[in-house]
Amino acid sequence: MKLNIKDTFNTELPADPVLENYRRQVKKACFSFVTPRKPSKPSLIHVSPEMIEAIGLSEEDSKSEEFLSIFSGKEVLDNTKPYAMCYAGHQFGNWAGQLGDGRAINLAEIEHDSKKWTLQLKGAGETPYSRSADGLAVLRSSIREYLCSEAMFHLGVPTTRALSIVLTGDEVLRDVLYNGNPAYEKGAIVCRTSPSFLRFGSFEIFAASQDLGTQKQLIDFTIKHHFQHLETPSKEVYLQFFKEVTTKSLEMVIHWQRIGFVHGVMNTDNMSILGLTIDYGPYGWLEGYDHGWTPNTTDNTHKRYRFEAQPEIVQWNLYQLANAIFPLIEDAKSLESILIHYRMDFKTAYLEMMKSKLGLFSEDENDSKLIEELEQILQLTETDMTIFFRNLSNYLKEEKVVGLSIVSEAFYQPTEITTLIEERWKKWFLQYRVRLQKEALSDHERATKMNRVNPKYVLRNYMAQLAIDAADKGDYSVIGELFDVLKKPYEEQPEYQKWFAKRPEWARHKVGCSMLSCSS
Ligand code: AMP
Ligand code: MG
């Protein structure tokens, strides 16, 4: 197994001088060296062939004893020095101080095909940032992170990736519902990959400790390695950097809204500086199209991170980043203006995205209204987002009958559609039909384009749970099947049609399906 190791983070940035692994506040350092914990009986569950190839390994490598040793933390790669990153963050709107990689250990950075990847084990034991927790991860949350990272990638959403998932052979104690009923679960480790795991919180920590020197080192490092087209750092370049982070973050959240992904814990320590979806915890997918939905039971009271709030929360998080890097820029007006632009750009991008979901590509001043009305009607009775938009592409421009029948499969409770609601639907479809007459594309061409933005297959909450339930019993076939179907989310794949279905009733209130906590 040969990896092209090119470490930069732990060679160019200041390290915590303390080498022992006890919990502490770390100052003037971007990371602490730490060695992964040795698992008692590691075994491989699944690897991502695409990611194996991306880092320059072969299928054979992935089956080797060495691969299992490295990606379970049993052994450390030659000439590498694993480390945990130091960062802070705002959690649920409040300053939380130092957080850091409490259970993530970066093994090394590698380069392949001119692309950089950091390889990181999640769940490989304690670090100086573990605070009161154990540094471990359970099988259930690891499967969710593993499957979703790769599914999001194939959906075309900017995301960190996943290379492998292994069982450690150790047991981990968790209180899933935080109700005083802890139980042992199987421990697991996902190897995550990303060009960088830097977060907004990585920059907030040095603003909080007023350590401008390290702050400048970190931002210059980030520009040098990850925003290479920007020039030699200066105040102007820092502003450009911030502008780019806002653009990338906006692109990411527009994708989330397009596919119905709800992150669940959009704290600033979970916001990637590269605009990648990161830290798959109590995330979920909209089943019923409901703007107020969040999968995270920990956030049930205020629903701060509900579906409709995500774009605004990104902006709130960007404000925190702006505050953090302000001392290096000292130009509040320019930062403010970038943030105001975010809001305007969001409106434009959201409209374009929603139009594409409806197959509308020309201009019409009434499009916003048409979309708003649709979003309201969709929420009158529980309507499956994925099925609705996917089936909408079957609509025919010349259709004289009401389009309701082509989307009927999306309704969870058809009997709840009262005459009044039905009238609204009919009216909306009439307007949609009139609007479609303005489009130059044929029905077939429009459907093809719509099917590229409206996925047929997403990782529905209950699907992940089925994979977990089977894996708990030692059967990894569901993980394999979901992994495969989610590789081509926009294709019909008739052999997997059973996954194009509404959430079954048993999953409506089941823990792990509609209710998820941060316990992982
Ligand atoms: P999260 O909300 O999962 O992004 O985690 C917030 C913070 O808690 C991060 O600093 C994590 O590294 C840390 N953390 C979460 N779970 C654990 C754990 N089991 N052991 C140690 N640290 C953890
Ligand atoms: Mg996190």
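Residues numbered from 1 in each chain as written. Chains lettered and ligands numbered in written order. Predicted model: local features only at pLDDT ≥ 70, side-chain atom pairs only at ≥ 80, totals over all residues. Heavy atoms only, no water.

**Quick look at the pattern of salt bridges**
For the structure shown, the criterion picks out 35 salt bridges. Notably, a salt bridge pairs Glu-423 with Lys-426, separated by 3.9 Å at the nearest N-O pair. A residue pair is termed a helical-turn pair when its members lie 3 or 4 positions apart in one helix, as Glu-423 and Lys-426 do in helix H14 (residues 419–436) at 3 residues. Given a relative accessible area of 43%, Glu-423 falls into the partly exposed group. (Salt bridge = Lys/Arg side-chain N within 4 Å of Asp/Glu carboxyl O. Helix = DSSP H or I, 4+ residues; strand = E, 2+ residues; numbered from the N terminus. Buried < 20%, exposed > 50% of the residue type's maximum accessible area, 1.4 Å probe, protein only.)

**Describing the layout of surface pockets**
As a volume, the largest pocket reaches approximately 990 Å³. Together, 34 residues line the largest pocket, and Gln-91, Arg-103, Arg-131, Cys-518 and Ser-520 are the ones closest to its centre. Classifying every residue of the lining of the largest pocket by side-chain character gives 12 nonpolar, 11 polar and 11 charged. When residues of the lining of the largest pocket are assigned to domains, at least three map to each of domain 1 (9–197) and domain 2 (201–356). Within this model, the second largest pocket holds a volume of roughly 530 Å³. (1 Å grid on protein atoms, 1.4 Å probe; cavity = no way out; pocket = protein on both sides within 12 Å on 5 of 7 lines; lining within 4 Å. Points joined across faces, edges and corners; volume = space filled by probe spheres on them. Nonpolar A, V, L, I, M, F, W, Y, C, P; charged D, E, K, R; others polar. Domains from an automatic or database assignment.)

**Points about the packing of helix H7 (residues 212–226) against helix H9 (residues 310–329)**
Helices that pack against each other are described as a pair by the angle of their axes relative to one another and the distance between those axes. The N-to-C vectors of H7 and H9 enclose an angle of 100 degrees; their axes lie 10 Å apart at closest approach. As the angle between them shows, H7 and H9 are arranged roughly perpendicular. Touching Leu-212, Gln-215, Lys-216 and Ile-219 of H7 are Ala-324, Ile-325, Pro-327 and Leu-328, all from H9. Residue composition of the contact of H7 with H9, by class: 6 nonpolar, 1 polar and 1 charged. (Axes fitted to C-alpha atoms, helices over the stretch in contact; angles between N-to-C directions. Parallel < 35°, antiparallel > 145°, perpendicular 65-115°, else oblique. Contact = heavy atoms within 4.5 Å.)

**A look at the coordination of the magnesium ion (ligand 2)**
Note on the magnesium ion (ligand 2): its protein donors are Asn-270 (OD1) and Asp-279 (OD). The metal-donor distances range over 1.9 to 2.2 Å. Asp-279 carries the same exposure label as Asn-270, and that label is buried. (Donors = N, O, S within 2.8 Å, 3.2 Å for Na, K, Ca; no water.)

**Observations regarding H9**
In an α-helix, one full turn covers 3.6 residues, which means residues spaced three or four apart are oriented alike. Spanning 20 residues, H9 covers 27 Å between terminal C-alpha atoms, matching the ideal 28 Å at 1.5 Å per step. Asn-323 marks where H9 bends most, by close to 30 degrees; the proline Pro-327 follows one to four residues later. Here H9 lies mainly inside the structure; 14 of its 20 residues are buried. Within two residues after H9, Glu-330 carries a phi angle of roughly 50 degrees, on the positive side. (Expected span 1.5 Å × (residues − 1). Bend = angle between axes of the 7 residues up to and from the residue.)

**Some thoughts on the site of ligand 1**
Within the structure, ligand 1 sits among 17 residues, and Gly-100, Gly-102, Arg-131, Gly-135 and Asn-270 are positioned closest to it. Here Gly-102 contributes a backbone N or O atom positioned 2.7 Å from an oxygen atom of ligand 1. Class assignment of the residues belonging to the shell around ligand 1 gives a composition of 4 nonpolar, 6 polar and 7 charged. Taken domain by domain, the shell around ligand 1 gets at least three of its residues from each of domain 1 (9–197) and domain 2 (201–356). (Near = heavy atom within 4 Å. Polar contact = N/O pair within 3.5 Å; in protein donor to acceptor, adjacent residues only side chain to side chain.)

**Structural notes on empty space enclosed by the protein**
Here the structure, examined in full by the defined rule, presents 5 cavities of 30 Å³ or more. Looking at the largest cavity, the residues that line it are Arg-103, Lys-122, Ala-137, Ser-141, Ser-142, Glu-145, Val-190, Tyr-280, Gly-281 and Ser-520. Among the elements that take part in the lining of the largest cavity, helix H5 (residues 139–154) stands out by supplying 3 residues, more than any other. For the lining of the largest cavity, the residue count by class is 3 nonpolar, 4 polar and 3 charged.

**Comments concerning the domain arrangement of the protein chain**
As far as domains go, the protein chain holds domain 1 (9–197), domain 2 (201–356) and domain 3 (360–440). If you average the C-alpha positions of domain 2 and of domain 3, the two centres end up 32 Å apart. On the side of domain 3, 17 residues touch domain 2, which itself brings 15 residues to the contact. Summed over both partners, the interface of domain 2 with domain 3 comes to about 1300 Å²; 59% of that surface belongs to carbon and sulfur atoms. (Buried area = accessible area lost by both parts, 1.4 Å probe.)

**As for the pairing of strand E5 (residues 94–98)**
In this structure, strand E4 (residues 88–91) lies alongside E5, joined through 3 bridges in antiparallel fashion. Across the sheet, residue Ala-88 finds its bridge partner in E5, namely Gln-98. The turn linking E4 back onto E5 is made up of 2 residues, and Phe-92 within it adopts a positive phi angle of 50 degrees. (Pairing = 2+ DSSP bridges.)

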